[in-house]
Amino acid sequence: MSTRPVGEIVAACEEIFEDLSFAKPREWKAAVPGRKVIGYMPVYVPREIIHAAGMLPLGILGGGADMEVIHGDAYYQSYICRIPRSTIEMAINGKLDFVDGMMFPSICDVIRNLSGIWKLLFKDKYVRYFDAPQNFREEVGGVFYANEMRELRDGLAKLGGREVTDDDLRRSIAVYNENRRWVNRVYDFRADFPWKAPSAEVYLLMRAGMVLPPEEHTLLMREYLAAAEAANRPMRDNCRVVLTGAFCEQPPLSLIKSLEMSGCYIVDDDLLLVTRWLLEDVPTEGDPIENLSRAFLLHSAETAAKYEPDVARKGSYLIDSVRKRKADGVIFAAPSFCDPALLDKPMIISRIEPLGIPYIHIQYAENSSQMQPIREQSGTFADSIKLWSAS
Amino acid sequence: MRTFIGIDLGSTTTKSVLIDENLAVLGRGITNSRSNYDVAARVSKQEAKIAARFTLFRNALGKDAEHLLSDLERNFRLEQFLSALRQLEETCMGYLDHPRFQGTKAALRQALESVFRKIAVEAQTIYAPGAGRKSDFFRDIAGSRFMNLAEAASREAGIPFETMLNIYDKSIIDVESQVDPDETVAAQMRSGLTRSLASAEGAGVDRNEALSALGKVLAIELEETYVVGTGYGRVRLPFPKEQIRSEILCHGLGAHMMFPGTRTVLDIGGQDTKGIQIDESGIVTSFQMNDRCAAGCGRYLGYIADEMQIGLHELGPIAMKATRVPRINSTCTVFAGAELRDRLALGERREDILAGLHRAIMLRAISIISRSGGVTNEFTFTGGVAKNEAAVRELHKLLKENYGEMTVNISPDSIYTGALGAANFALRAVDH
Amino acid sequence: MSPPEVVKSLSQVKQKEMIGRNYDRITGGTAKVSSTFVPGNLNELLMCFDIANNLPEINAIQNAMRKKSGEMIAEAERSGHSEDVCTYVKADIGMMAKGNIAPNGKPFPDPDVLLLSYTGCFTFMKWFELLREQYKCPTVMLHVPYAADGQPTKNMRDYIVKQLKEDVIPVLEKVSGVKFDIDRLREYLRKSAIAENDLVWMLESSKRRPSPVDCYFGGVYYMGPIFTAFRGTDEAIEYYRLLRAEIEERIALGLCAQSPDGDMPEENYRLVVEGPPNWTSFREFWRMFSEAGAVVVASSYTKVGGVYDYDGFRHDPDHPLETLADYCLGVYTNRNLPTRVDMLARNIVDYDADGLLINSIKSCNSFSAGQLVMMREIEKITGKPGAFIETDLVDPRYFSSANVKNRLESYFQMIDQKRRAGGSAAASGA
């Protein structure tokens, strides 16, 4: 593969990002008869299993800023977030007609009930609600979860008409281990040299990962890193922030750009958590389902939708991230009406406040277009950190 | 003759429709709602009856007398105006006996007299043939003229403007709550007809025939066989319970009467938006309303007009000149102004931004329609916003893009839709 | 001060007594106290450890009906909670901030344990995480998986039973100092089943014309004992026995359902209602129905703390832990949307209803997300019309009388028009 300049790579990613007709995954599916595509919503599903079944995991994150919602509004009252309505809009408009199944992780009641709506509307599609365990003991939650994954594997095997073997799973685990390693490398690179890897670019790169097969995505990330390292970009006097709360309904790209424009380097975030949910490599030896189960129970990230059994550890993931990435502050960015993000926030704030970590809070919808007030707020935040911070 | 009346009490205007037992519309009346809904109902009902008499008169004279009839109506309105003006003057003068005006009584009397004399003279111009008016309501016309003339008059007479305003404010309420009795109306019509017959418009019409025909029409008893009221439930309607029907049902039935093929009705009023699905008999099968949020209601456009400091009626024509329709995502009225200012500052054209804002309001309206059960051919669009060509254009586009080819019905009388349906309910109440 | 009281029946008196005694027990200072949720309320299990059962949802309802929830919510929002989130939570947080006073005027004690019965609602998790911050007491998570495919699976059931054995019971033992005796649980479960039979009888009594009871406004009172601290007790059995006798008498007398102002003179509309009621304007809301002669013959909210009619579930003393799991898995909000649609559609047919009314609660996503789809599906299946109103649980800012009344009246008139058209198609005046 030739190394393209960073601008070209990003442009290719942006094209994928903007394409609501999903040309790339359609191409992938058409290339070999019998191929299947399984859509999944935030926050986390074990994509390895989908991959092992020979299918393409397709991250569905709503219709984004440029999609008008007409039919979708017939499904939801005004006080519910936008991601389910734009997702339904896409489904009704035929944009997802090539998707053979949908997975709805246990993130909140809106997405939970969306799985039911899908069952009512699309009776011929494979629909699976994926209940991650909130008990993290191997003999309890682990057993439940392993069985859940086996049900998923069996369901996909039936859908695909072929068995999904343990070897298939081990191979897919390896592929995603590799993918995750590169995601982490990109994130590490950005944290170390944020001027060389603007967040809008990193975001587009990761969004491409929602749509491309993991092997292709891994290569794309390698290419980007090399090109970004090579590019000569000026360093700016920005403050360093961790963005948290945007783990489901995505902010518009203009919001990410606006934050950086206003003087903040995003050195860590929880956008597209699925790419980095497991914090360590999953073993490729032994029972793959048990391995995935153990990985989830013992080595996964923290998010509002996941119970923290130890009150002392609440907020620790964010604090660790702030420390590891040497961040100056935190930006809570929650979608309007998002129960998980909004209910969790006061607790997380109560953890970071005593540590003197400054923060601000912004609210958005996936189609927000008023960026000026956000720039004001984040700009002021950045200035205050630069002027008043001890360092 | 038996007549059936529907009265729709809206927050800004009250409408009445009078039909006969064959569902034929004889007259429509409209007045501003005022603070006393009882009065608003009576006034609009009276207006509808007046209109009914004109209709009957028109039917009696035939098509050739059209120019006479429009002249008659003009003259009648003039008579009405002058009569109300006289009442207003009398009422104002009546307040002068109050002890607080002791010192300024004489000066006030003179000032008021001069103002009213001037308005009476102006009335001829205001109601001249072909004259256009922003509003037909006495309160609006008399009020604006009074304000204008009283400023100068008060200065000349050396009395505070507020005092004259004060007296006006007290008096207008009294005058507005008066509903002329039928005899007065009849006299005004005769007098108006006499004037018209004497003028150029009266040429070619037999004077005696016309007067005799009017006499017969005035003699017909318009029996109020049944009256049904409707309107937003917020206000306690001045009718007994059996005579009230929900505005949703009245609106659905009214739309059906105007367009029997319609199945989906969208009404965008000033304060609320309704999405109504009806069946082939005009019965409502499902509905949704937005009455909590200004986005998607007429008020949204009101805010925009205020922001841009132009008249509401100017919005549409400007938006029609747009060359592109930008995507405006903030559906909240509160941010519409900010969005507007932002884009103007970025150099976008006023016409384009307005087109985008019109699309935004129609998107919200289509949301309500979606929730009410979607869009089924034929589609009827009613309410004040239906007169806005830019809004209508966006509606056509949205419907075509999302629901395919569709017949879109818009009636110039759509503001009477609710009252029309109510009148039908009145008939059904009696004739089952 | 308040309108003249309708004479209280024996069951009402008993219920009031039971509730009062329970609050006294909670605030009394001698018993250990646990907080848990109505969906997934393992009252029989708590009883095995002599633990008093405090239900924050019920406390929020009590505060709302006493018109205190508004200020509590404002307090919670001042301290940083979003306008968009569940008002039960905010009312509870606000109540804590304002002295945490129980309906009997005494302060609530800090709970000894939070039994986080994570059933049918995501917000429960956050609610108890928030309480845990405040109280710093033992918190035990019981994860009840969502019955996404309609029927719960063996995996789900086994998971719950395991959690009970390995987490819940040991924690309750530790907190209470009482050793778990499974036979004691069996005994309570046996009693639960008896009361449940009468509960179902009560629910089904509305199939009659006229319905002797209202199964929404009246129903929320009747379901009290079975959903709260009394399931498994002799008192609950007694309550439902009394209630049944009272209803039987109403049937014998041919009475229509009760309203806040006495028995309804006539029954004009029979409705099935989906969604929780509004609590801050409860009586006013009720009157909008009763004054039009509308009775609710079945509702989904009366199944929020347990579903006993749809699949005939009864607590089974022979499989004590499994039956607790089944109970949790079967509560209304843990059912998938197609099942909820089926339940409501059957209600409309079985209870001879004129249609479905959905009271959509702004701050409750568990109930609300998907109700628009449910309404359309049920309309399709039953051919009966649906109506949609929007209010809230305990935030008085989100109840607009005029708004609601307008929609209800339109709906009743819609039903009238349909009846008229159906009855005499040829004689229509149009």
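Scroll up a little and you will see the structure.
Cut-offs and rules
- All residue numbers refer to position in the chain's written sequence, counted from 1.
- Naming scheme: in the order in which they are written, chains are lettered from A and ligands are numbered from 1.
- With the structure being a predicted model, the display of local features is reserved for residues of pLDDT at least 70 and the display and counting of side-chain atom pairs for 80 or more, all residues being used for whole-chain, interface and lining totals.
- Side-chain numbers here rest on the full set of heavy atoms in the structure, without hydrogens or water.
- Strands here are runs of E lasting at least two residues and helices are runs of H or I lasting at least four, both read from the DSSP assignment and numbered beginning at the N terminus.
- Note on exposure labels: buried denotes an accessible area under 20% of the residue type's maximum, exposed denotes more than 50%, and partly exposed covers the range between, all computed with a 1.4 Å probe on protein chains only.
- Methods summary: accessible areas were calculated by the Shrake-Rupley approach with a probe of 1.4 Å, and residue burial reflects only the protein chains presented.
- Contact criterion: two residues are considered in contact whenever any of their non-hydrogen atoms come within 4.5 Å of each other.
- Buried area is understood as the total, over both parts, of accessible area removed when two parts are fitted together, assessed with a 1.4 Å probe.
- Here, a salt bridge means any Lys or Arg side-chain nitrogen found within 4 Å of an Asp or Glu carboxyl oxygen.
- Identification of polar contacts relies on pairs of N or O atoms within 3.5 Å, with a donor-acceptor requirement for protein atoms, meaning one able to donate a hydrogen and the other able to accept it, and with residues adjacent in sequence counted only if both atoms are side-chain atoms.
- Basically, the charged four are Asp, Glu, Lys and Arg, the nonpolar ten are Ala, Val, Leu, Ile, Met, Phe, Trp, Tyr, Cys and Pro, and anything else, Gly included, counts as polar.
- In this analysis, strands are considered paired if DSSP registers two or more bridges between them.
- Axes here mean lines fitted to C-alpha atoms, for a helix over just the part in contact, with angles spanning 0 to 180 degrees between N-to-C directions.
- For the purposes of this analysis, a disulfide is any pair of cysteine sulfur atoms at a distance within 2.5 Å.
- When the strands point away from the viewer and the path from the first strand over the helix to the second turns clockwise, the crossover is right-handed.
- Residue count minus one, scaled by 1.5 Å, sets the expected span of a helix.
- In what follows, roughly perpendicular refers to angles from 65 to 115 degrees, roughly parallel to angles under 35, roughly antiparallel to angles over 145, and oblique to any angle outside these ranges.
- Handedness of each helix crossing follows the sense of rotation of the near helix against the far helix: counterclockwise by less than a right angle gives left-handed, clockwise gives right-handed.

Draft legend 1. Representation of the overall build of chain A in the model. Scanning chain A for helices and strands turns up 14 helices and 8 strands. Based on the C-alpha atoms only, the size of chain A along its principal axes is roughly 60 × 45 × 45 Å. Per-residue burial for chain A yields a buried fraction of 65% across its 391 residues. Carbon and sulfur atoms make up 52% of the accessible area of chain A, which amounts to about 13,700 Å² in all.

Draft legend 2. Region of the structure containing the interface of chain C and chain A. On the chain A side, the residues contacting the 54 residues of chain C number 57 residues. Buried surface at the junction of chain C and chain A, summed over both partners, amounts to about 4,600 Å²; 56% is from carbon and sulfur atoms. Counting the contacts that link chain C with chain A gives 6 salt bridges. Close ionic contact of Arg137(A) with Asp167(C) constitutes a salt bridge, the shortest N to O distance being 2.5 Å. For the pair chain C and chain A, the number of links is 34 residue pairs in polar contact (both at pLDDT 80 or more). In terms of residue class, the side of chain C that touches chain A is made up of 22 nonpolar, 18 polar and 14 charged.

Draft legend 3. Molecular detail of the sheet that holds strand E7 (residues 284–290) of chain B. All names here are of chain B. Taken together, 5 strands build an open sheet; the order of strands is E7-E6-E5-E8-E9 and the sheet is mixed. A single partner strand is all that each edge strand has here, and the edge strands are E7 and strand E9 (408–409). Pairing of strand E5 (residues 264–268) with strand E8 (residues 379–382), which is carried by 4 bridges, proceeds in the parallel orientation. Along E8, the bridge assignment pairs Thr264 with Phe379. Taken strand by strand, helix H13 (residues 389–403) contacts E5, E8 and E9, and its axis lies near 155° from that of E8.

Draft legend 4. Quick peek at the state of the cysteines. This model, assessed by the stated rule, comprises 0 disulfides over all chains. Looking at the unpaired Cys248(A), the closest cysteine sulfur is the one in Cys108(A), lying at 6.2 Å. When its relative accessible area of 8% is taken as the criterion, Cys248(A) is described as buried. Of the cysteine sulfurs around Cys48(C), a residue in no disulfide, the closest is that of Cys328(C), at 14 Å. Residue Cys48(C) is classed as buried on the basis of its relative accessible area of 1%.

Draft legend 5. Quick peek at the pairing of strand E3 (residues 113–118) of chain C. Residue and element names in this part refer to chain C. Taking burial as the measure, the 6 residues of E3 include 6 buried ones, the bulk of the element. The side-chain alternation of E3 yields two buried faces, one formed by Val113, Leu115 and Ser117 and the other by Leu114, Leu116 and Tyr118. In the sheet, E3 pairs with strand E4 (residues 139–143) via 5 bridges, with the strands oriented parallel. Within E4, the position partnered with Leu114 by the bridge is Thr139. The parallel pair E3 and E4 is bridged by helix H6 (residues 123–135), and the resulting crossover is right-handed.

Draft legend 6. Fine view of helix H3 (residues 105–126) of chain B. All names here are of chain B. Given a rise of 1.5 Å per residue, 22 residues ought to cover 32 Å, and the 30 Å separating the end C-alpha atoms of H3 matches this to within 8%. For H3, the set of buried residues is Leu108, Ala111, Leu112, Ser114, Val115, Phe116, Ile119, Ala123 and Ile126. Against the buried residues of H3 lie helix H2 (66–95), helix H4 (138–157) and helix H5 (161–176).

Draft legend 7. Looking closely at the side chain of Asp100(A). Looking at the element boundaries, Asp100(A) is found in the loop between helix H4 (83–92) and strand E3 (101–105). Those residues within four positions of Asp100(A) in sequence are excluded, and the remaining contacts are Lys29(A), Arg35(A), Lys36(A), Val37(A), Lys125(A), Tyr126(A) and Leu159(A).

Draft legend 8. Looking closely at the pattern of salt bridges. All names here are of chain A. The final tally for this structure, using the stated rule, is 90 salt bridges over all chains. A salt bridge links Arg128 to Glu148, with the shortest nitrogen-to-oxygen separation between them at 3.7 Å. Here the residue Arg128 occupies a position in strand E4 (residues 126–130), and Glu148 occupies one in helix H6 (residues 138–160), the gap between them amounting to 20 residues. Under the relative-accessibility criterion, Arg128 is labelled buried at 7%.

Draft legend 9. Quick peek at the side chain of Ser316(A). Looking at the secondary structure, you find Ser316(A) in helix H12 (residues 316–324). One polar contact links the side chain of Ser316(A) to the main-chain carbonyl oxygen of Arg313(A), over a distance of 2.6 Å.

Draft legend 10. Structural detail: unusual backbone geometry. Between Pro42(A) and Val43(A) the backbone carries a cis peptide bond, its omega angle lying at 10°. Along the chain, the position of Val43(A) falls in the loop between strand E1 (37–40) and helix H3 (47–52). Cis geometry is adopted by the peptide bond preceding Pro210(C), which originates at Arg209(C) and carries an omega value of -5°. If you trace the backbone, Pro210(C) turns up in the loop between helix H8 (182–204) and helix H9 (219–222). Of note in the backbone geometry, Lys326(A) takes a positive phi value of approximately 50° without being a glycine. Its location among the elements puts Lys326(A) in the loop between H12 and strand E7 (329–335). Positive phi, normally seen in glycine, also occurs at Lys136(C), with a value near 50°. Mapped onto the elements, Lys136(C) comes out in the loop between H6 and E4. Given a relative accessible area of 68%, Lys136(C) falls into the exposed group.

Draft legend 11. Quick peek at the interface of chain A and chain B. Between chain A and chain B, the contact holds 17 residues from the first and 17 residues from the second. Considering only the side of chain A, the residues that lose the most area to chain B are Glu68(A), Ile70(A) and Gln370(A), jointly responsible for 43% of the buried surface there. Joining chain A to chain B, the criterion identifies 2 salt bridges. Close ionic contact of Glu68(A) with Arg327(B) constitutes a salt bridge, the shortest N to O distance being 3.3 Å. Summed over the shared surface of chain A and chain B, the result is 8 residue pairs in polar contact (both at pLDDT 80 or more).

Draft legend 12. View of the packing of helix H1 (residues 37–61) of chain B against H2(B). All names here are of chain B. Axis separation between H1 and H2 bottoms out at 11 Å; the angle between their running directions is 155°. Judged on the interaxial angle alone, H2 and H1 are roughly antiparallel. Note on packing geometry: the crossing formed by H1 with H2 is right-handed. Facing H1, whose interface residues are Glu47, Ile50, Phe54, Phe57, Arg58 and Leu61, H2 presents Glu66, Leu68, Leu69, Leu72, Glu73, Phe76, Arg77 and Gln80. Of the residues assigned to the contact of H1 with H2, the class counts are 8 nonpolar, 1 polar and 5 charged.

Draft legend 13. Spatial organisation of the pairing of strand E10 (residues 386–391) of chain C. Residues and elements named next belong to chain C. The buried fraction of E10 amounts to 6 of the 6 residues, a majority that puts the element mostly inside the structure. By the bridge criterion, 6 bridges tie strand E9 (residues 355–361) to E10 in an arrangement that is parallel. Considered in E10, the bridge of Leu356 is made with Gly386.

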